[in-house]
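Listed below are the residues making up each chain.
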Protein chains: 4
Amino acid sequence: MNKEVDLSRFNIRTDLTIDYVDNNVNLNGVKYKEDTINGLKVTCVNLDKNNDLNKKKGKYITIEFEDVTDSKNEEKVTEVLTLFLKKILNIKYNDLGLIVGLGNINSTPDSLGPLSIDNIIVTNHIYNLDCLSSNYSRICAIKPGVMGDTGIETSDIIESIVKKIKPDYLIVIDSLASSSIERLNKTIQITDTGIHPGSGIGNSRKEISKDTLGIPVYAIGVPTVASASVIVKDTINFMYKNYAFNKEYKNKNSNKLLFNANYLNKNIRENKNDKQELLGFVGTLNDEELQLLLKEVLDPIGYDFMVTPKEIDFIIKKMSNIVSNSINKAVHKIDKCI
Amino acid sequence: MNKEVDLSRFNIRTDLTIDYVDNNVNLNGVKYKEDTINGLKVTCVNLDKNNDLNKKKGKYITIEFEDVTDSKNEEKVTEVLTLFLKKILNIKYNDLGLIVGLGNINSTPDSLGPLSIDNIIVTNHIYNLDCLSSNYSRICAIKPGVMGDTGIETSDIIESIVKKIKPDYLIVIDSLASSSIERLNKTIQITDTGIHPGSGIGNSRKEISKDTLGIPVYAIGVPTVASASVIVKDTINFMYKNYAFNKEYKNKNSNKLLFNANYLNKNIRENKNDKQELLGFVGTLNDEELQLLLKEVLDPIGYDFMVTPKEIDFIIKKMSNIVSNSINKAVHKIDKCI
Amino acid sequence: MNKEVDLSRFNIRTDLTIDYVDNNVNLNGVKYKEDTINGLKVTCVNLDKNNDLNKKKGKYITIEFEDVTDSKNEEKVTEVLTLFLKKILNIKYNDLGLIVGLGNINSTPDSLGPLSIDNIIVTNHIYNLDCLSSNYSRICAIKPGVMGDTGIETSDIIESIVKKIKPDYLIVIDSLASSSIERLNKTIQITDTGIHPGSGIGNSRKEISKDTLGIPVYAIGVPTVASASVIVKDTINFMYKNYAFNKEYKNKNSNKLLFNANYLNKNIRENKNDKQELLGFVGTLNDEELQLLLKEVLDPIGYDFMVTPKEIDFIIKKMSNIVSNSINKAVHKIDKCI
Amino acid sequence: MNKEVDLSRFNIRTDLTIDYVDNNVNLNGVKYKEDTINGLKVTCVNLDKNNDLNKKKGKYITIEFEDVTDSKNEEKVTEVLTLFLKKILNIKYNDLGLIVGLGNINSTPDSLGPLSIDNIIVTNHIYNLDCLSSNYSRICAIKPGVMGDTGIETSDIIESIVKKIKPDYLIVIDSLASSSIERLNKTIQITDTGIHPGSGIGNSRKEISKDTLGIPVYAIGVPTVASASVIVKDTINFMYKNYAFNKEYKNKNSNKLLFNANYLNKNIRENKNDKQELLGFVGTLNDEELQLLLKEVLDPIGYDFMVTPKEIDFIIKKMSNIVSNSINKAVHKIDKCI
């Protein structure tokens, strides 16, 4: 059985830069730093102009966390996101910031952007009034909607408003597609490089960046959906890890598949023969080849659809609180959110 | 008791042109025509450049109706609104129309505009695709939000998008303030003159018109709120009408105040002495003076607030269906709404 | 002009016991106490079994406050409501409380009950699990809906669930009709006498009380709507107060009607002749007669409708936070709300 | 490699009776009939008291269809569902029906029940009024909520209301878990056997049936979520089908994996050697064994979560229209929905 999957046919994208860096420590033009802040893993990737990832020069910060419907986790993530927003944002006194909530308010998994906007403290229209404490920064905010509802390219709406009101910087909030089950609703990426073609959940979008708008564009993204093929790819890998773990740690003399909670965290040497015994030809494919095969299998019958956990309504509500509260704390000098 | 109310102190506005025309048949520059279509009273006012109303030159069409939560009334109003939209809209083949829903989606009585947009059939982004039947016109649509939420002048958002996407005409949907109980949620005004300063429910807004945007601006407005002073003014007038009716028709020899259902429709000669006997000094004031006095009484204590009927959620839902279905039928060549 | 208004024809109701007590200090069976707590006026009325108000024996506590969309006011009201809920509620260890949110979630001014339920910390189904801290009381909660939507008497739904799950006490949350502009959205009434016929905003409802259910029924009510006749009645009274104030304090030699901010707080002696000069026959009516006349004028033409301020969406959101947070703090031993 | 998966450890459930019947024509106590109505596949399964499926005696009707966000499909499904509801419902003149919308209105994929209730035409409270045409049947409706929000067993709420208002029959609407990708949001099951333990999306629920309530309980269910393991199981099967199809039909001399749209509909003979070559040990498992293995792999690491397509908001809206319109047409003698 030959591997004749045509690797170039599909344009598999992941929206998270960190996905490309994992296990690739020797890339050119890529600086990588991992930290644990407040119990959360934070990864900072700095890309030079010429980098092996072929991505835009700039900073990419990824915060990883557990279920945010737990209010303690919600607090932790808010703190860490606030901290790193303060680090990455470069705001001067009197600067006008425009916060943009991308996505569709009527589609739960795509509503993170517009929902977050609802809690942003907007001050631009009252900035010169005495009633406003000097702690507040100049902020305005829009929910441009989605092209399916407006009939207008979202980037055109943003560009035209930027031209008119001349903000000094943009913060764009967006839902992303996840390239792994493990990151789904459990990762926030901040970057100073804006939004790029092909990002987002399936809709090809035009670039929104300093190159197109002339001002810094910070982007905050959370993966809220994953394709069926991502779920299958990860599960097939889990199958082998579970099997190998059981073989190595538990039943040296057996090949039983046993119930066990911790196998993901273990470092397990991959054994090619074992993998092929368990998974056949499929076990010989690397991650990229496997996902291509899965797309070949699922696309023609319409089942490589994007899915989201059934608890998405509660997750999105919490996540939008995290994003809006963190922005409010990072741009305004306030401790407590209104 | 002298009338020393300062008439110039308050700037009492009504958003409905028809309010200025009622009972004023001999105004210069004003052409007035009343009709009954499908059982509904429709009034067309044409204003010349120089007109006694001091309003913008153009057409003002007012449709009056009963409770739209009755589905038969809803159908009737949709038919008549569609008819007059078709008459007033001047759309050429291939023209791009931008529908703008003014107001606040989160404030029920102010949500007519954005709610209507949700049902508009938007085609601009798929206009050149073969899948779209040639019955459809080129339409895009936005909900610009309100300045309190965006921090940006709504007219600036509209202007900048108009510059970018260059529509051939605008249709603006808005909630208005009513100058009489009888028109509250029971009138739709269409005009080809756009939106003007001071219109809307209390927020001073910049003009949105051909003068400012360079393209025709049609406006559809429904009065969804009324001030307390409007309610009191109307009721005081009703008190006298009820009294006079009873005196003239029912109890020629009595001045009892009796329960009766039809007094509003009757033509009753006003008797100044009777009115003053019933209402004292207040009975000697004309409508404008009365409302000024009421504002003087209510404003300083904060009670000239805007109110809306408690059924407003149901009314707005129906009204937004009427507006969006009528626009869809008027701009697209479709009989049935999607 | 004779007063031949038939006082018995209309059944004018106010839902607030305090309305009957104002200025009536010498009623039998009525104990009345006024306090200022945290800057808010709190009135406690204790009614004996036989009382001149012809109302149910029990405690009626009324808290008065200013605009709750101001977050400082919101905090104050939450504190005071929590305090008095703790006083009036008589809960023993292990008691099961059923919180009932009356009203229509789809009608903003009537949605206080169901909206409040959304934030109640419900513990009954997990009460015996170890994970639940001993600070929590046993609580369950329902939104029974309205008869127009369910086709079932709301009191029947409550009664049947009470029979089945046997709670030890009920707390019922409801929207009320206001009998004065000044109390609209600015008063909370707590009582241990339950909900009684004719209460609520126009829908005749069956009694929900210890008499019908056999367990203590506490009720929390907020007036969120007022009828047009209430607005007119209050305004006509304001007209005279404004006039009298101006005459007495400002322009002893004049009868000008002047703009002034403070006249409501002033004690002004009523002068019958002045009142009649200003308001004619209408000026000779007492409050009850005036409102009857207004109902006679407005009812037959359909304009004695219930209205609510146009900001009602924002007010109800805050008010439901106040009610649910206060209940959570009063029944559970927690300081901070989840 | 031995198959030592313990088949009894997991209780894999599917909520659709049809899943057990597929390809099992020789079951005892099972009558099976397939039809095509209006282009849709409809399967009627009649179970005798003693049947090999170990399921409740009664009728199970399954309607299969394509994407209901297409309005033509929506119409078709409404027609067929109405038809079969009329067949299965056994309503006498004057019977009172109680429609129950199970599920959580605040969780999109679980909101089918309560959303459907919003459109049910409820008549019980006005059934004896002259205004109601004799076309209407006696209907009431409730949304009992979920135990996580109420703290009360949902079946207790239903049981207590049934006792009080004594309906003649129940119609229960619920969201289900799908046991295959292909049925997700593309199947409606009607049954006269009510709701049974373990049904629904993960929450163990008490039985709601004639046995527990004493009246006929009809249930309408739509699978709106699927577990990750279902998606992986189906995809692994698709992988082999795709491979076998390519081998057999396209490239007799090749084993390339090629892009092809139609392989699912083809009858392909399974070749055990081929399957094991492609999928190794995993290829030797039958469906049940495969899903058990997947649960063993995914459960301990928390990834056998329930997911729903990202378009779920739009799908649920349409599906609830279909369900409520069909019920309205089936119980009332009306052609057009209000």
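Residues numbered from 1 in each chain as written. Chains lettered and ligands numbered in written order. Predicted model: local features only at pLDDT ≥ 70, side-chain atom pairs only at ≥ 80, totals over all residues. Heavy atoms only, no water.

## Considering the overall build of chain A
Line of reasoning, step 1. Scanning chain A from terminus to terminus reveals ten helices and nine strands.
Line of reasoning, step 2. Counting over 338 residues, chain A shows a buried share of 58%.
Line of reasoning, step 3. Within chain A, counting contacts between residues at least 6 apart in sequence, those at least 24 apart form 71% of the total.
Line of reasoning, step 4. Just so you have it, chain A exposes about 14600 Å², and 43% of that area is on carbon and sulfur atoms. (Helix = DSSP H or I, 4+ residues; strand = E, 2+ residues; numbered from the N terminus. Buried < 20%, exposed > 50% of the residue type's maximum accessible area, 1.4 Å probe, protein only. Contact = heavy atoms within 4.5 Å. Areas by Shrake-Rupley, 256 points an atom, 1.4 Å probe, with all protein chains shown as cover.)

## Remarks on the confidence of the model for chain A
Residue and element names in this part refer to chain A.
Line of reasoning, step 1. When pLDDT is averaged along chain A, the result is 87; 86% of the residues meet or exceed 70.
Line of reasoning, step 2. Per-residue pLDDT stays below 50 along residues 1–13; that stretch engages in 31 contacts with residues further than four places along the chain or on separate chains.
Line of reasoning, step 3. Counting contacts from residues 199–203, a segment whose pLDDT is below 50, to residues more than four positions away or on other chains yields twelve contacts.
Line of reasoning, step 4. Two numbers describe this predicted complex: its pTM, 0.91, and its ipTM, 0.89. (pLDDT = per-residue confidence, 0-100.)

## Some thoughts on the nonpolar core
Line of reasoning, step 1. The biggest cluster of nonpolar side chains holds 60 residues, and the ones touching the most others in it are A:Phe238, D:Phe238 and D:Met239.
Line of reasoning, step 2. If sequence neighbours within four positions are ignored, D:Phe238 has contacts with A:Val297, A:Leu298, A:Ile301, A:Tyr303, D:Ile181, D:Glu182, D:Tyr263 and D:Leu264.
Line of reasoning, step 3. If you look at the next biggest cluster of nonpolar residues, it comprises 59 residues, including B:Ala228, B:Leu294, C:Ile181 and C:Tyr263. (Core = buried A, V, L, I, M, F, W, Y, C linked by side-chain atoms within 4.5 Å.)

## Some details on a positive patch on the surface
Line of reasoning, step 1. Taken together, the side chains of A:Lys163, A:Lys166, B:Lys163 and B:Lys166 define a basic patch exposed on the protein surface.
Line of reasoning, step 2. Relative to the helices and strands, A:Lys166 is located in the loop between α5 (154–165) and β6 (169–178).
Line of reasoning, step 3. You can call A:Lys166 exposed: its relative accessible area is 59%. (Patch = residues over 30% accessible without salt bridge, like charges linked within 9 Å, V, L, I, M, F, W, Y side chains within 5 Å. Salt bridge = Lys/Arg side-chain N within 4 Å of Asp/Glu carboxyl O. Lys, Arg positive; Asp, Glu negative; His and termini not counted. Charge placed at Lys NZ, Arg CZ, Asp CG, Glu CD.)

## Some details on the packing of helix α2 (residues 71–88) of chain A against helix α10 (residues 312–331) of chain A
All names here are of chain A.
Line of reasoning, step 1. Running from amino to carboxyl end, α2 crosses α10 at an angle of 40°, the nearest separation of the two axes being 8 Å. The angle between the axes of α2 and α10 places the two elements in the oblique class. For the crossing formed where α2 meets α10, the hand is right-handed. Residue-level inspection shows Glu74, Val77, Thr78, Leu81, Thr82, Leu85 and Lys86 of α2 in contact with α10, the latter providing Lys318, Asn321, Ile322, Val323, Asn325, Ser326, Ile327, Lys329 and Ala330.
Line of reasoning, step 2. Here the contact of α2 with α10 is built from residues that sort into seven nonpolar, five polar and four charged. (Axes fitted to C-alpha atoms, helices over the stretch in contact; angles between N-to-C directions. Parallel < 35°, antiparallel > 145°, perpendicular 65-115°, else oblique. Left-handed = near helix turned anticlockwise from the far one by under 90°. Nonpolar A, V, L, I, M, F, W, Y, C, P; charged D, E, K, R; others polar.)

## Considerations on the packing of aromatic side chains
Line of reasoning, step 1. Scanning the entire structure with this criterion turns up 16 aromatic pairs over all chains.
Line of reasoning, step 2. Relative to B:Tyr243, the ring of B:Tyr240 has its centre 6.5 Å away and its plane inclined at 50°; by these criteria the two rings are tilted. One end of the pair, B:Tyr240, and the other, B:Tyr243, are both in helix α7 (residues 228–250), three residues apart, so they sit about a helical turn from each other. For the pair B:Tyr240 and B:Tyr243, one class covers both residues: buried.
Line of reasoning, step 3. Between the aromatic rings of B:Tyr303 and B:Phe305, the centroid separation amounts to 6.3 Å while the plane-to-plane angle is 65°, which identifies the pairing as edge-to-face.
Line of reasoning, step 4. Counting every residue linked through ring pairs, the aromatic cluster contains A:Phe238, D:Tyr303 and D:Phe305. (Phe/Tyr/Trp six-rings, centres within 6.5 Å; stacked < 30°, edge-to-face > 60°.)

## Concerning the pattern of salt bridges
Line of reasoning, step 1. This structure, assessed with the given rule, holds 57 salt bridges over all chains.
Line of reasoning, step 2. Linking B:Lys206 and B:Asp156 is a salt bridge whose minimum nitrogen-to-oxygen distance equals 3.6 Å. Taken together, the residues B:Lys206 in the loop between β7 (187–191) and α6 (210–213) and B:Asp156 in helix α5 (residues 154–165) connect sequence positions 50 residues apart.
Line of reasoning, step 3. Among the residues examined, B:Asp156 registers a relative accessible area of 15% and is labelled buried.
Line of reasoning, step 4. Beyond isolated ion pairs, a larger network of salt bridges with shared partners links A:Lys56, A:Glu207 and A:Asp211.

## Here's the deal with the pairing of strand β8 (residues 217–227) of chain C
All names here are of chain C.
Line of reasoning, step 1. A large share of β8 lies buried, amounting to eleven of its eleven residues.
Line of reasoning, step 2. Note that strand β6 (residues 169–178) and β8 share nine bridges and pair parallel. Its bridge partner lying in β8, alanine 177 is registered against valine 225.
Line of reasoning, step 3. Here strand β7 (residues 187–191) pairs with β8 via three bridges, running antiparallel. By the bridge assignment, glutamine 189 is partnered in β8 with glycine 221. (Pairing = 2+ DSSP bridges.)

## Concerning unusual backbone geometry
Line of reasoning, step 1. The phi dihedral of A:Asn94 is positive, around 80°, even though this residue is not glycine.
Line of reasoning, step 2. Among the secondary structure elements, A:Asn94 is positioned in the loop between α2 and β4 (96–101).
Line of reasoning, step 3. One non-glycine residue, D:Asn185, lies in positive phi territory at about 60°.
Line of reasoning, step 4. Note on placement: D:Asn185 falls in the loop between β6 (169–178) and β7 (187–191).

## With respect to the pairing of strand β2 (residues 40–47) of chain C
All names here are of chain C.
Line of reasoning, step 1. Summarising the sheet, strand β1 (residues 30–37) and β2 pair through eight bridges and their orientation is antiparallel. Paired with threonine 36 across the bridge in β2 is lysine 41.
Line of reasoning, step 2. Between β1 and β2, which pair antiparallel in sequence order, lie two residues; one of them, asparagine 38, sits at a positive phi of approximately 55°.
Line of reasoning, step 3. Where β2 meets strand β3 (residues 58–64), seven bridges bridge the pair, whose relative direction is antiparallel. By the bridge assignment, valine 45 is partnered in β3 with tyrosine 60.

## Let's talk about helix α9 (residues 287–298) of chain A
Residues and elements named next belong to chain A.
Line of reasoning, step 1. When the terminal C-alpha atoms of α9 are compared, their 16 Å separation across twelve residues agrees well with the 16 Å that a helix rising 1.5 Å per residue should span.
Line of reasoning, step 2. With ten of its twelve residues buried, α9 lies for the most part within the structure.
Line of reasoning, step 3. Within the sequence span of α9, burial applies to Glu289, Leu290, Gln291, Leu292, Leu293, Leu294, Lys295, Glu296, Val297 and Leu298.
Line of reasoning, step 4. One side-chain oxygen at the N-terminal end of α9 lies 3.1 Å from the backbone nitrogen of glutamate 288; it belongs to asparagine 286. (Expected span 1.5 Å × (residues − 1). Polar contact = N/O pair within 3.5 Å; in protein donor to acceptor, adjacent residues only side chain to side chain.)

## A word on the environment of C:Thr212
Line of reasoning, step 1. Looking at the element boundaries, C:Thr212 is found in helix α6 (residues 210–213).
Line of reasoning, step 2. Taking relative accessible area as the criterion, C:Thr212 reaches 39% and is therefore assigned partly exposed.

## A few points about the side chain of C:Thr193
Residue and element names in this part refer to chain C.
Line of reasoning, step 1. The residue threonine 193 is located in the loop between β7 and α6 in this model.
Line of reasoning, step 2. Side-chain polar atoms of threonine 193 contact the side chain of threonine 191, separated by 2.6 Å.
Line of reasoning, step 3. The residues touching threonine 193, leaving out its near neighbours within four places in the chain, are Lys56, Lys57, Gly58, Lys59, Tyr60, Ser209 and Val217.

## Some words on the side chain of A:Thr78
Line of reasoning, step 1. In this fold, A:Thr78 is placed in helix α2.
Line of reasoning, step 2. A relative accessible area of 7% places A:Thr78 in the buried class.

## Thoughts on α2(A)
Residues and elements named next belong to chain A.
Line of reasoning, step 1. Over its 18 residues, α2 extends 26 Å from the first C-alpha to the last, a length consistent with the 26 Å expected when each residue adds 1.5 Å.
Line of reasoning, step 2. Looking only at α2, the buried set comprises Asn73, Glu74, Val77, Thr78, Val80, Leu81, Thr82, Phe84, Leu85 and Ile88.
Line of reasoning, step 3. Against β1 (30–37), β2 (40–47), β3 (58–64), β7 (187–191), β8 (217–227) and α10 lie the buried residues of α2.
Line of reasoning, step 4. With a side-chain oxygen positioned 2.7 Å from the backbone nitrogen of lysine 72, the residue opening α2 is aspartate 70.

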